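Listed here are the chains, written in short residue letters.
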Amino acid sequence: MLSPLVVLSLISSLLQPAVAVYIDMEGLPDTGLNTSSWVTGVLPPLDDLWDTNDFQIAAKNVLSGAYYADYRTGALNEYTYQANLGIYSQVKLNGFAFRDVSNLQTNTTILGYNFTQPFFIAPAADAGHANKSAEASLAQAAGKAGILYVPSISSTLSIEQIAAAGVDGQVMFHQEYVWANQSRIIDELDRIKAAGFKAIFLTVDNTGINGVRTRSMRFNAESDTGHSVNFNLNSLAAFRNLTTLPIVPKGIKSWQDAVTCLNLGFPAIYVSNHGGRVLDGVPTSVEILMDIRQNAPQVFDEMEVYADGGVRRGTDALILLALGARAVGLGRPPMFANIWGEAGVARMISLFGTEMATSMRLMGVENVNQLNTSYVNTNGITL
Ligand SMILES: Cc1cc2nc3c(=O)[nH]c(=O)nc-3n(C[C@H](O)[C@H](O)[C@H](O)COP(=O)(O)O)c2cc1C
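Residues numbered from 1 in each chain as written. Predicted model: local features only at pLDDT ≥ 70, side-chain atom pairs only at ≥ 80, totals over all residues.

1. Considerations on the site of the ligand
Now for step 1: In the vicinity of the ligand there are 24 residues, among which Ala124, Ser152, Thr203, Gly275 and Gly331 approach most closely.
Now for step 2: Counting only elements with at least two residues in the shell around the ligand, the list comes to strand 10 (327–330) and helix 14 (332–337).
Now for step 3: Looking at the shell around the ligand, its residues break down into eight nonpolar, 12 polar and four charged. (Near = placed C-beta within 6 Å. Helix = DSSP H or I, 4+ residues; strand = E, 2+ residues; numbered from the N terminus. Nonpolar A, V, L, I, M, F, W, Y, C, P; charged D, E, K, R; others polar.)

Structure below.
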């Protein structure tokens, strides 16, 4: 059943003479996407889309300026946002011949749970801005593909609605913020556990405040985050007493913080600059992983490390995995793909999986857990 708004937009598109849509591609790699048959504000055929960048352009064509800016924005000059996208071109992949790659394995474990892929859907607020199915379609697409989904605590749907949307037996983790309101934290942690989520990604990179996101502020002034401003190591210790679920600090940007988390006994850390949306000018995950390896290599042996930021191609994911990440998060791509709901997210996951598997074969890597630093050359990057 089409909503009246969609029907109206279809009728108006039929009445208008077909005019090729001009969409500013924002300097994304030109892979020949042809938008000449697209109509502004109308979903293009899903078959037109072949990579995560295509999904971004399609979302730009369909979403309101405010909603697109909200998903797309970085902080300040977006140096970190752009660096996230660009850093992968500075890493060379080493491909090895003479290897049997007939039995390709992409499956892995994350905190001991089995998944078909080492990439997951990262927490991102307000999925309902793209599609009324909101986080439900992300949960379903992830569940059917066997990959991890970690909904944001600032989701459109409730904790319970997202849990109920998952497929039978699906394992999901949940993101949480450090709210100033302690009883809110206690209530949410209890509900997350009761709803069946298996772990908490605790975001620690924007305590008190979000980045100044100029691109989205042009539409909506930032409001108070409600995050605690005085969150320190004591509060972190106290937070751990509030739940029996494993906690993974998200937003680690330095080897020093990685070591702190290791010494405090966390099972994993999540290296991230929040998609360039918080502090502009911080390093990319490639650089942070290299820095941890240089200064505290024990981190990779003694805990799991996840990473994200600007991952748009299967090869980007392989680079982070080779640098020591056990799993890699995708933030914006699933949000953009969700303009089609589950079908869009499913196609994005499938295309991304194919890119990763194909590139593994071409590199001579049969099992994703064999990836290590011998598969990448980072000489072009100085820390
Ligand atoms: C629209 C949007 C909303 C986000 N909301 C959250 C959030 O609620 N909690 C959080 O920890 N991270 C949030 N993030 C950051 C993502 O989890 C992730 O770190 C980042 O998007 C990865 O970069 P990428 O978008 O280039 O893949 C958000 C990112 C976007 C794009």
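2. Observations regarding the UniProt feature "active site" (unreviewed entry) in the chain
Now for step 1: Annotation from UniProt places "active site" (unreviewed entry) at His274.
Now for step 2: Its location among the elements puts His274 in the loop between strand 8 (268–271) and helix 11 (285–295).
Now for step 3: A count of 24 C-beta atoms within 10 Å places His274 in the buried class.
Now for step 4: If sequence neighbours within four positions are ignored, His274 has contacts with Asp205, Asn206 and Gly251. (UniProt positions renumbered as here; feature names shortened; annotations may be inferred. Buried ≥ 20, exposed ≤ 12 C-beta atoms within 10 Å, placed from the backbone. Contact = placed C-beta atoms within 7 Å.)

3. Side note on the domain arrangement of the chain
Now for step 1: Parsing the chain into structural domains produces domain 1 (4–72) and domain 2 (108–377).
Now for step 2: If you average the C-alpha positions of domain 1 and of domain 2, the two centres end up 27 Å apart.
Now for step 3: At the junction of the two partners, domain 1 supplies 20 residues and domain 2 supplies 22 residues.
Now for step 4: Counting residues per element, the ones that place at least two in the side of domain 1 that touches domain 2 are helix 2 (52–62) and helix 3 (65–72).
Now for step 5: In terms of residue class, the side of domain 1 that touches domain 2 is built from 13 nonpolar, four polar and three charged. (Domains from an automatic or database assignment.)

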